Amino acid sequence: GVATHEDLLMLIRRGDWFPVPTPDTLPEGNASLSPLALARWHVAKGQHSEAYEILKAIPPAAPFAAPAVALLLRVLAEQQNDKEFIRTMAGETPGLKKHADYWNAVGQFLIDRSRYEAAAGALLLAIEIDPTSRIASQRISRCMNALDRPEDAEQFRYRGTQIALT
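These remarks concern the structure in this document. Predicted model only: the values in this text are computed from it and were never measured.

### Considering the overall build of the chain
Next, step 1: The helix and strand tally for the chain stands at nine helices and zero strands.
Next, step 2: Listed N to C, the secondary structure of the chain is α-α-α-α-α-α-α-α-α in terms of helices and strands.
Next, step 3: Looking at the chain as a whole, 40% of its 166 residues are labelled buried.
Next, step 4: If you take every contact in the chain between residues at least 6 apart in sequence, the share linking residues at least 24 apart comes to 47%.
Next, step 5: Carbon and sulfur atoms make up 55% of the accessible area of the chain, which amounts to about 9600 Å² in all.

Shown next as structure tokens:
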């Protein structure tokens with residue numbers, strides 16, 4: 001059969017359970033978007049406060065609780081909201097570690113503490129789950145530079161650039 005561009009992206013990004021709107025403005029009828037899709041759209045636009053409000057309103061028993069908590073952790077790491085990040089990490093959310101957003105959040109949290117080797121490990125797990133993660137590639141590059149591994153840093157920087165161009 002014929003697959004659309006969004007269908008192919010969903011196959012590649014198997015951890016995403018929804019189409020992600022990408023234009024600068026939400027499409028007409030955005031009420032049909034799930035709260036998780038809407039929050040992800042805000043994260044993609046760098047609107048972390050808006051994403052935070054949406055994610056905090058998702059009930060823990062929702063069928064998409066694990067990806068929502070993973071994205072919430074990523075937002076908290078981006079906002080450097082350490083207290084809530086640690087409190088959320090302490091919660092019991094089954095299946096959380098299967099999501100790239102979880103490992104991206106852990107990686108960012110560790111980078112903020114200059115624990116570059118551990119951060120690179122977490123970010124590599126994010127890439128294993130989602131090979132299209134530009135952010136993880138760029139952050140691993142930063143870790144490799146901090147660990148005085150310029151060749152590796154350049155490889156990850158190049159990979160991040162190539163992902164951004166696709």
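Having seen it, we continue.
### Points about the packing of aromatic side chains
Next, step 1: Inspection of every chain in the model, using the stated rule, returns two aromatic pairs.
Next, step 2: With a centroid separation of 4.4 Å and 10° between ring planes, the pair formed by phenylalanine 85 and phenylalanine 109 is classed as stacked. Of this pair, phenylalanine 85 sits in helix H5 (residues 82-90) while phenylalanine 109 sits in helix H6 (residues 100-111); the two residues are 24 residues apart in sequence, bridging distant segments of the chain. As far as the burial class goes, phenylalanine 85 and phenylalanine 109 line up, both buried.

### A few points about helix H2 (residues 35-44)
Next, step 1: Most of H2 sits inside the fold, with seven of its ten residues counted as buried.
Next, step 2: Within H2 the residues assigned to the buried category are Leu36, Ala37, Ala39, Arg40, Trp41, His42 and Val43.
Next, step 3: Lining the buried residues of H2 we find helix H3 (48-56), helix H4 (65-79) and H6.
Next, step 4: Trailing H2 by a residue or two, glycine 46 shows a phi angle of about 80°, which is positive.

### What to know about the pattern of salt bridges
Next, step 1: Using the criterion set out here, one finds seven salt bridges in the structure.
Next, step 2: A single network of salt bridges, built from pairs that share partners, joins Arg40, Arg74 and Asp101.

### Points about the packing of helix H7 (residues 116-129) against helix H8 (residues 134-146)
Next, step 1: The geometry of H7 relative to H8 is characterised by a closest axis approach of 9 Å and an angle of 155° between their N-to-C directions. When the axes of H7 and H8 are compared, the pair comes out roughly antiparallel. Handedness of the crossing formed by H7 with H8: left-handed. In this structure, H7 contributes Tyr116, Ala119, Ala120, Leu123, Leu124, Ala126 and Ile127 to the contact, and H8 contributes Ala136, Ser137, Arg139, Ile140, Cys143, Met144 and Ala146.
Next, step 2: For the contact of H7 with H8, the per-class residue count stands at twelve nonpolar, one polar and one charged.

Criteria and thresholds
All residue numbers refer to position in the chain's written sequence, counted from 1. The predicted origin of the model limits local features to residues at a pLDDT of at least 70 and limits the giving and counting of side-chain atom pairs to 80 or more, whereas totals for whole chains, interfaces and linings rest on all residues. Side-chain metrics in this entry use all non-hydrogen atoms of the structure; hydrogen atoms and water are not considered. Each helix is a run of H or I in the DSSP string that is no shorter than four residues. Each strand is a run of E no shorter than two, and both are numbered from the N terminus. Buried residues are those whose accessible area, probed at 1.4 Å on protein chains only, stays under 20% of the maximum for their type, while exposed residues exceed 50% and partly exposed ones sit between those limits. The criterion used for residue contact is that any of the two residues' heavy atoms lie within 4.5 Å. Each accessible area value is a Shrake-Rupley result obtained with a 1.4 Å probe; residue values ignore everything except the protein chains displayed when judging cover. For this analysis, a ring pair means two rings from Phe, Tyr or Trp (six-membered ring only for Trp) whose centres lie within 6.5 Å, classed as stacked if their planes differ by under 30 degrees, edge-to-face if by over 60, and tilted for the remaining angles. Note on definitions: salt bridges are taken to be side-chain nitrogens of Lys or Arg within 4 Å of carboxyl oxygens of Asp or Glu. Where helices are involved, their axes are fitted lines through C-alpha atoms of the stretch in contact, as for all axes, and angles between N-to-C directions lie from 0 to 180°. Each angle is binned into one of four classes, with values under 35 degrees roughly parallel, values over 145 roughly antiparallel, values of 65 to 115 roughly perpendicular, and all other values oblique. Throughout, a crossing is termed right-handed when the near helix is turned clockwise from the far one, and left-handed when it is turned anticlockwise from it by less than a right angle. For this classification, Asp, Glu, Lys and Arg are treated as charged, while Ala, Val, Leu, Ile, Met, Phe, Trp, Tyr, Cys and Pro are nonpolar and the rest, including Gly, are polar.

Any functional reading would require information that these geometric values do not contain.
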